[in-house]
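Residue-level structure breakdown
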Amino acid sequence: METIFTKIIKGEIPCYKIAENEKFFAFLDINPLNGGHTLVVPKKHSSYIFDMDDTDLKEMMVFAKKVAKAIEEAIPCKRIGVAVIGLEVPHTHIHLVPLNEENDLNFRKQRPQFSKEEMQKIADDIVATYNKK
Ligand code: AMP
């Protein structure tokens, strides 16, 4: 199934890429709850995280952990929050959100605005810490 995320993975739509391996891909959420809000997606399409097979699900969490550690090091925050919603885009994804307070994981909160240059700088900072790991 073709989704906006399969197009991002194939490079047909631009994104602020953070990391990828053979099976998974991470990029900044375009409408972030906080600077550094990142989405982790499987390259093989699935619509719903709990329909993934056990091996893929485990491996996606391990990949997400490495990405979360890189975000945590690059972006000042207390910890990285994790959410799965998927009501907007029917392609499994995990939200990794830098948290300073509980409300940072409130998807109805007023979202901060970032310029393209600011988004690119955030991505570059996270990529630099990811590549050190
Ligand atoms: P949900 O499916 O409810 O988990 O939400 C989908 C998320 O994908 C939202 O946080 C959107 O901001 C994000 N999103 C949608 N399109 C893009 C895109 N082209 N690049 C990055 N993030 C996106």
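This structure is a prediction, so every number in the text was calculated from the model and none was measured. (Residues numbered from 1 in each chain as written. Predicted model: local features only at pLDDT ≥ 70, side-chain atom pairs only at ≥ 80, totals over all residues. Heavy atoms only, no water.)

**Description of the sheet that holds strand 1 (residues 17-20)**
The test is simple: Two strands are counted as paired when DSSP detects at least two bridges linking them. To qualify as a helix, a DSSP run of H or I must reach at least 4 residues; to qualify as a strand, a run of E must reach at least 2; elements of each kind are numbered from the N terminus. Convention adopted: a line fitted to C-alpha atoms gives each axis, helices being fitted over their contacting stretch, and angles between N-to-C directions are expressed from 0 to 180 degrees. In this analysis, two residues are considered to be in contact whenever any of their non-hydrogen atoms come within 4.5 Å of each other.
Pairing is antiparallel across the open sheet formed by five strands, whose spatial order is 1-2-3-5-4. Sheet topology places strand 1 and strand 4 (79-83) at the edges, where each strand pairs with a single neighbour. Within the sheet, the average angular offset between the axes of one strand and its neighbour, ignoring direction, is 20 degrees. Together, strand 1, strand 2 (24-28), strand 3 (38-42), strand 4 and strand 5 (94-99) form the strand contacts of helix 2 (residues 54-74), whose direction differs from that of strand 5 by roughly 25 degrees.

**Regarding the site of the ligand**
Applied cut-off: What makes a residue near a molecule or strand is one non-hydrogen atom of that residue sitting within 4 Å of it. In the analysis that follows, any N or O atom pair within 3.5 Å is treated as a polar contact, provided that within protein one partner can donate a hydrogen and the other can accept it, and provided that, for residues neighboring in sequence, both atoms belong to side chains. In short, Shrake-Rupley with a 1.4 Å probe defines the accessible areas, and a residue's cover is counted only from the protein chains shown. Note that Gly is not counted as nonpolar here; it falls among the polar residues with everything else outside the nonpolar set of Ala, Val, Leu, Ile, Met, Phe, Trp, Tyr, Cys and Pro and the charged set of Asp, Glu, Lys and Arg.
Neighbouring residues of the ligand: 16 residues in total, closest Asp29, Gly86, Val89, His93 and His95. Here an oxygen atom of the ligand sits 2.7 Å away from a polar atom, N or O, in the side chain of histidine 95. When the free accessible area of the ligand is taken as 500 Å², the share hidden by the protein chains comes to 89%. Secondary-structure elements contributing two or more residues to the shell around the ligand are helix 1 (4-10) and strand 2. With three residues, the top contributor of residues to the shell around the ligand is helix 1. The residue makeup of the shell around the ligand, split by class, is ten nonpolar, four polar and two charged.

That is the geometry; function is a separate question.
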